[in-house]
Amino acid sequence: MQELSKQEAKKRIEKLKKEIEYHGRLYYVLDKPSISDAAYDSLRKELLALENQYPEFGGQNSPTQRVGGKPLEKFKKFAHKIPLLSLSDVFEEKEIYDWEKRIKKLLPPDLKIDYFIELKMDGLAVALFYKNGIFEKGATRGDGYIGEDVTQNLKTIRTIPLKLEGNFQGEVEIRGEVFMSKKVFEELNKEQIKKGEAAFANPRNAAAGSLRQLDSQITLGRKLNFFAYDITTDLGRKTHLETHKLIEKIGFPPNPYTQYCADISEIIKFQKYIGGLREKLPYEIDGVVARVNSNEIYNKLGTIGRAPRGSIAYKFPGLEAVTKIKDIIIQIGRTGRLTPVAVLEPVNVGGATVSRATLHNEDEIKRLDVRIGDTVVIKRAGDVIPDIVGVLKNLRTSKEKIFRMPNHCPLCHSPAYRKEGEVDFYCSNKNCYGQRWRGITHFVSKNAFDIVHLGPKIIDKLFSVGLIKDPADIFFLKKEDLEPLERFAEKSAENIIGAIDKSKKIDFSRFIYALGIRHTGEETAINLANYFGDLDNLTKAKLEDLEAIEDIGGVVAKSIFEWFQDKNNLELIKKFKKAGIEIIKPSKISQKLNGKTFVLTGTLTHFTRESAKEMIRKSGGNISSSVSLKTDFLVAGEASGSKLKNAKDLGVKIISEQEFLKMVQ
Ligand code: IVH
């Protein structure tokens, strides 16, 4: 964060304290958080850093001094004989190796340690007590020592057996996580909204809110679920693996994703594998829990603070964080669209440093009421530029500035206008430098002409000296043109010309993608290439022809059609031909899947999604991203979700990876 003056820091600390207390209450006491855990953690982190810098403004009343939640007043209190501890978190591979180093230091040097690993369910911890095999009592974790007696409500959960299988004398304590599936959560929220009540922020809070209901009938309707992860009673087990086997034997449903790990590298492998499945699992998890497998070693390691040394939460990176907006700038796209982008105080989100977030358009800025100087919650999904999901308005200082979309293109200064019926602004100048520059960077990008040597800075230079005006000019460049330019050694000029020459032979689909036609991504380009076979056919295509292609909708068809009607574009195509661009026609190795449409879902274990798509295309088949009546086959990998259900509902043929392989081989 930017350096603050002492006075500013004091003010910020006060505001942060209030804000964190407020969100803490929403979360811990009312089960109704309004921001994500990651965003909340990020706020706490900022406060902690400021308190470390200015300890005089911290103090006992700071939320950073608090641990856990306090029990609600309405339930009977329950004192845990064995406290429910928490786990230390790690996020990085290195940290998990460090964990092993730390525990090894406390143990005899040659002792072999193995591990057990399971999912870290995102729900709430409960302890269940069975007397002579019969379920007697159950309580929430609370602050670890005092929880709430929620016995009646736990009895509504079908996956908690009321009687254990086998013969048991005395008390047995089982621990595990109560959670709500993603599907039940979605249905519940729909209902809540219909009834005019507030929606739950996430399945964990919905589960917590549902378990802490005074009326068990309400809990029953919330369809909660349970996974057991430990038995605290000594029943003679030697390892955690045995504990899990016993959990299953006495009547609890086994979690399908548990694994014995001989060493740390296997833990890392498992965590990565689970990371890939995460989205598709029917419930939410926030990482995996690794534990020393041997109970003897685990017990010997003891605890540190409030966490056992022998287990650790190896979490997935939080995808949200809190930071400040330094500025809002306008980026111009290759289609002339002006996109407002927030320039951020750099912040780490899920392992990557982020300094920009998209604000999409004018309406989004108004909806969020986001201003320059605001503290915002940002969210990253995959590799795309992050979104701003909320503004923490309580942290405003009244120095924030309102942003308005410009009425001129920031690059060529021609008028900019908002298109009728659309949310976006466009530059009115077809020859706008910014648009052309973007168009060329797209043209040479990895999935288009793949001329890696031609980076954005070089393109900028070539533009400014007038060597290129459109993408076809690239192919007329000579070594002698480049050498005189500043910072161009003979060698690098040679490399660039070599890379350009090599790129002249190009797959038809890549060529189409490189043109940068609006709404024409890679998948559409591949469909077009397969359908038309060569550039002349595509150039002459009528609107009806385009509309007839599977997966190409009206808007996309119109955009492609219009592109090929534009005289300047036809000139450009002529110029490509003159430059000696050689387009490779799409090859169909076989006609086995001719005309058949496939949808892929779930995690494929035998090949990547890309190679599966390639196999389908090469055999003459089509790929669609969603299941419809036009789908012929759904290839269902592991942990398939809604697509599988849709396919079943529509009667689409569902095939396994093996069956798919047989079809293409
Ligand atoms: S073991 C010493 N195993 O994570 C605590 N915990 O951060 C031992 N959790 O309060 C807990 N899935 O609510 C363990 N497979 C799992 C878990 C799990 C979720 C939760 C649990 C605990 C918190 C600790």
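Use the structure listed above.
This is a predicted model, so every value here is computed, not measured.

> Would you mind going over the overall build of the protein with me for this structure?
Along its length, the protein carries 24 helices and 26 strands. Referenced to the eigenvectors of the C-alpha coordinate spread, the extents of the protein come out at roughly 90 × 70 × 60 Å. By the burial criterion, 48% of the 665 residues in the protein qualify as buried. Of all intrachain contacts in the protein linking residues separated by at least 6 positions in sequence, the fraction that spans at least 24 positions is 67%. As presented, the protein carries roughly 34,200 Å² of accessible surface, and 51% of it is formed by carbon and sulfur atoms. Both charge centroids of the protein, one from 108 positive and one from 91 negative side chains, sit 2 Å from each other.

> Can you walk me through the sheet that holds strand 23 (residues 597-601) in this structure?
Through backbone hydrogen bonds, the strands of a sheet pair up, either in parallel or in antiparallel fashion. Here 4 strands make up an open sheet; going across it, the order is 24-23-25-26 and the pairing parallel. The open sheet is flanked by strand 24 (622-623) and strand 26 (653-655), the only strands paired with a single partner. Strand direction decides the pairing type here: strand 23 and strand 24, joined by 2 bridges, are parallel. Counted as the bridge partner of Phe598 is Ile623 from strand 24. The strands touched by helix 24 (residues 657-664) are strand 23, strand 25 (633-636) and strand 26; relative to strand 26, the strand with the most contacts, the crossing angle is about 95°.

> Is there a simple way to explain the nonpolar core in this structure?
Note that soluble globular proteins tend to have their nonpolar side chains buried in a common cluster. Residues Phe449, Ile474, Phe475, Leu528 and Phe576 are the most contacted members of the largest nonpolar core, which totals 52 residues. Those elements that provide at least two residues to this core are helix 12 (433-443), helix 13 (456-464), helix 15 (490-503), helix 16 (508-514), helix 17 (522-532), helix 18 (535-540), helix 20 (554-565) and helix 21 (567-578). Those residues within four positions of Phe475 in sequence are excluded, and the remaining contacts are Phe443, Phe449, Ile500, Ser503, Lys504, Phe576, Ala579 and Ile581.

> I'm lost on the state of the cysteines in this one. Help?
Here, disulfide denotes a covalent bond that connects the sulfur atoms of two cysteines. For the structure on display, the rule yields 0 disulfides. Cys412 supplies the cysteine sulfur nearest to Cys427, a cysteine that is in no disulfide, at a spacing of 3.6 Å. Looking at the unpaired Cys432, the closest cysteine sulfur is the one in Cys412, lying at 3.7 Å.

> What is the right way to read the packing of aromatic side chains from this model?
Two aromatic rings, taken as a pair, are described by how far apart their centres are and by the angle between their planes. As enumerated under the stated definition, the model contains 22 aromatic pairs in all. On the numbers, 5.1 Å between centres and 75° between planes, the contact of Tyr433 with Phe463 is edge-to-face. Of this pair, Tyr433 sits in helix 12 while Phe463 sits in helix 13, and the two are 30 residues apart along the sequence. The exposure class of Phe463 is buried, given its relative accessible area of 8%. On the basis of an interplanar angle of 5° and a centroid distance of 5.5 Å, the ring pair of Phe443 and Phe576 is categorised as stacked. Separated by 133 residues along the polypeptide, Phe443 in helix 12 and Phe576 in helix 21 bring together distant segments of the chain.

What counts, and where the lines are drawn
- Residues numbered from 1 in each chain as written.
- Predicted model: local features only at pLDDT ≥ 70, side-chain atom pairs only at ≥ 80, totals over all residues.
- Heavy atoms only, no water.
- Helix = DSSP H or I, 4+ residues; strand = E, 2+ residues; numbered from the N terminus.
- Buried < 20%, exposed > 50% of the residue type's maximum accessible area, 1.4 Å probe, protein only.
- Contact = heavy atoms within 4.5 Å.
- Areas by Shrake-Rupley, 256 points an atom, 1.4 Å probe, with all protein chains shown as cover.
- Lys, Arg positive; Asp, Glu negative; His and termini not counted.
- Charge placed at Lys NZ, Arg CZ, Asp CG, Glu CD.
- Pairing = 2+ DSSP bridges.
- Axes fitted to C-alpha atoms, helices over the stretch in contact; angles between N-to-C directions.
- Core = buried A, V, L, I, M, F, W, Y, C linked by side-chain atoms within 4.5 Å.
- Disulfide = S-S within 2.5 Å.
- Phe/Tyr/Trp six-rings, centres within 6.5 Å; stacked < 30°, edge-to-face > 60°.

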